[in-house]
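Examining the three-dimensional arrangement
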Amino acid sequence: MNAPSSPSPAAGLPPVLSVRGLEKTFGGLKATSNVSFDVADGAVTALIGPNGAGKTTVFNLITNLFKPDAGEVIFLGENLKGLPPTRIAGRGLIRTFQSARVFPAMTVLENALAGRHRLVRHNGLPQMLWTRAARAEERALRDRAEAMLDLVGLAGDAGRHALDLPMGAQKLLEVVRALMAQPRLLCLDEPAAGLNDTETEELAALLRAVRESGIPVLVVEHNMSLVMNVADHVVVLEAGKVIAEGPPARIQANPRVIEAYLGREADAAA
């Protein structure tokens, strides 16, 4: 597995996301303990760890689906404490979930376009009257959605009902829909789960394109080949604690990470 060859994020820029001292307990079980890390602007940051390490819990704490017992999350300089998930999304922190969540009554293209609804400028009366400006915006959005669907191999399925897609393709569609919202930070929860090799390669190409466009990404992922080939920075969790972080090459060589995560994966495959 090789580290990505993309340029490093610009030095000196403040992080787009800062997680500080996040703690959460469920029924006496400590799910996270003093979790702290940064997400650099224009970079792909991966959050990895064995099953039960607390990765998705951290995602849910960042987006306030769970209320933290302690700690804070700073997004673009703003403390997110107490903000509902809808307002957090409105500020540009967009996430996906482990299970694909497509709109079943919509086509693939309509699902992609739905991600853009909060940013449409010519709605209401201009949309009803189908003004020149509304038509131009609609064409631009369709062009963008079709281009992104093409990038993940779904252009030929644009007219299909989204629910008719295989589960792996639905997950790729969910990523496209999230990107249509023009996130300031894209958070992906296990986007490669259920993908075949071809779909995983298409996902990797999409993540590289996202990084090149300047959108930072925070991704929880089990596919280590994908992580090591697209991530600029890797944060490793074990039992709810950060045990290591750094560039992919350093993480691959870290003995504690090998024992806690990579080694267990290798043992399971043996």
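Source: prediction; values computed, not measured.

Quick notes on the rules
- Residues numbered from 1 in each chain as written.
- Predicted model: local features only at pLDDT ≥ 70, side-chain atom pairs only at ≥ 80, totals over all residues.
- Heavy atoms only, no water.
- Helix = DSSP H or I, 4+ residues; strand = E, 2+ residues; numbered from the N terminus.
- Buried < 20%, exposed > 50% of the residue type's maximum accessible area, 1.4 Å probe, protein only.
- Pairing = 2+ DSSP bridges.
- 1 Å grid on protein atoms, 1.4 Å probe; cavity = no way out; pocket = protein on both sides within 12 Å on 5 of 7 lines; lining within 4 Å.
- Points joined across faces, edges and corners; volume = space filled by probe spheres on them.
- Nonpolar A, V, L, I, M, F, W, Y, C, P; charged D, E, K, R; others polar.
- Phe/Tyr/Trp six-rings, centres within 6.5 Å; stacked < 30°, edge-to-face > 60°.
- Lys NZ or Arg CZ within 6 Å of the ring centre and 35° of its normal.
- Salt bridge = Lys/Arg side-chain N within 4 Å of Asp/Glu carboxyl O.
- Contact = heavy atoms within 4.5 Å.
- pLDDT = per-residue confidence, 0-100.
- Axes fitted to C-alpha atoms, helices over the stretch in contact; angles between N-to-C directions.

**Focus: unusual backbone geometry**
Phi at Asn34 is positive, roughly 55°, even though this residue is not glycine. Phi at Leu76 is positive, roughly 50°, even though this residue is not glycine. With respect to the helices and strands, Leu76 occurs in the loop between strand S4 (70-75) and strand S5 (78-79). Here Leu76 falls in the partly exposed class, since its relative accessible area comes to 38%.

**Overview of the sheet that holds S5**
Spatially, S2-S1-S4-S5 is the arrangement adopted by the 4 strands of the open sheet, whose pairing is antiparallel. In the strand order of this sheet, the two ends are held by strand S2 (29-39) and S5, each with one partner.

**Some thoughts on the layout of surface pockets**
As a volume, the largest pocket reaches approximately 580 Å³. Lining the largest pocket are 22 residues, and of these Ala89, Ile94, Arg95, Phe97 and Arg177 sit closest to its centre. Of all the secondary-structure elements, those providing two or more residues to the lining of the largest pocket are helix H2 (85-90), strand S6 (93-95) and helix H6 (167-180). For the lining of the largest pocket, the leading source of residues is H2, giving 5 residues. Residue classes in the lining of the largest pocket are distributed as 11 nonpolar, 6 polar and 5 charged. Of the volumes computed, that of the second largest pocket is approximately 210 Å³. Lining the second largest pocket are 15 residues, with Asn64, Pro68, Gly71, Lys81 and Gly82 sitting closest to its centre. Mapped by element, the contributors of at least two residues to the lining of the second largest pocket are helix H1 (55-62) and S4. Broken down by element, the lining of the second largest pocket gets its largest block of residues, 4 residues, from S4.

**What about the packing of aromatic side chains?**
Evaluation of the coordinates by the stated rule reveals 1 aromatic pair. Consider the rings of Phe26 and Phe66, whose centres lie 5.2 Å apart with planes at 70°: the pair is edge-to-face. Pair noted here: Phe26 is in strand S1 (residues 17-26) and Phe66 is in the loop between H1 and S4, with a separation of 40 residues, a long-range link. Over the face of the ring belonging to Phe97 we find Arg101, whose NZ or CZ atom lies 3.9 Å from the ring centre. It is Arg177 that lies over the ring of Phe103; its NZ or CZ is 4.8 Å from the centre.

**Looking at the pattern of salt bridges**
Taken as a whole, this structure holds 8 salt bridges when the rule is applied. In this structure, the salt-bridge partner of Arg20 is Asp38, at a minimum N-O distance of 2.8 Å. You can see Arg20 sitting in strand S1 and its partner Asp38 sitting in strand S2, a full 18 residues away along the chain. Residue Asp189 pairs with Arg95 through a salt bridge whose shortest N-O separation is 3.5 Å. Of this pair, Asp189 sits in strand S7 (residues 185-189) while Arg95 sits in strand S6, placing them 94 residues apart in sequence. Each member of the pair, Asp189 together with Arg95, is buried.

**Focus: the environment of Ala31**
When you line up the elements, Ala31 lands in strand S2. For Ala31, a relative accessible area of 14% corresponds to the buried category. In sequence terms Ala31 and Lys241 are 210 residues apart; their C-alpha atoms lie 8.8 Å from each other. Non-local contacts of Ala31, meaning those with residues more than four positions away in its chain, are made with Lys24, Thr25, Phe26, Ala53, Gly54, Thr57 and Gly240.

**Here's the deal with the confidence of the model for the protein chain**
On average, residues of the protein chain score 85 in pLDDT, and 84% of them are at 70 or above. Within the model, the stretch residues 265-270 combines pLDDT values under 50 with 2 contacts to residues more than four positions away or in other chains.

**Comments concerning the sheet that holds strand S8 (residues 217-220)**
Read from one edge to the other, the open sheet built from 6 strands follows the order S6-S7-S8-S3-S9-S10, with strand pairing classed as mixed. Single-partner strands in this sheet number two, and they are S6 and strand S10 (241-246). Each strand axis lies, on average, 15° off the axis of its neighbour in the sheet, ignoring direction. Relative to S8, strand S3 (residues 44-48) is paired through 4 bridges, and the arrangement is parallel. Bridging from a neighbouring strand, Val44 pairs with Val217 of S8.

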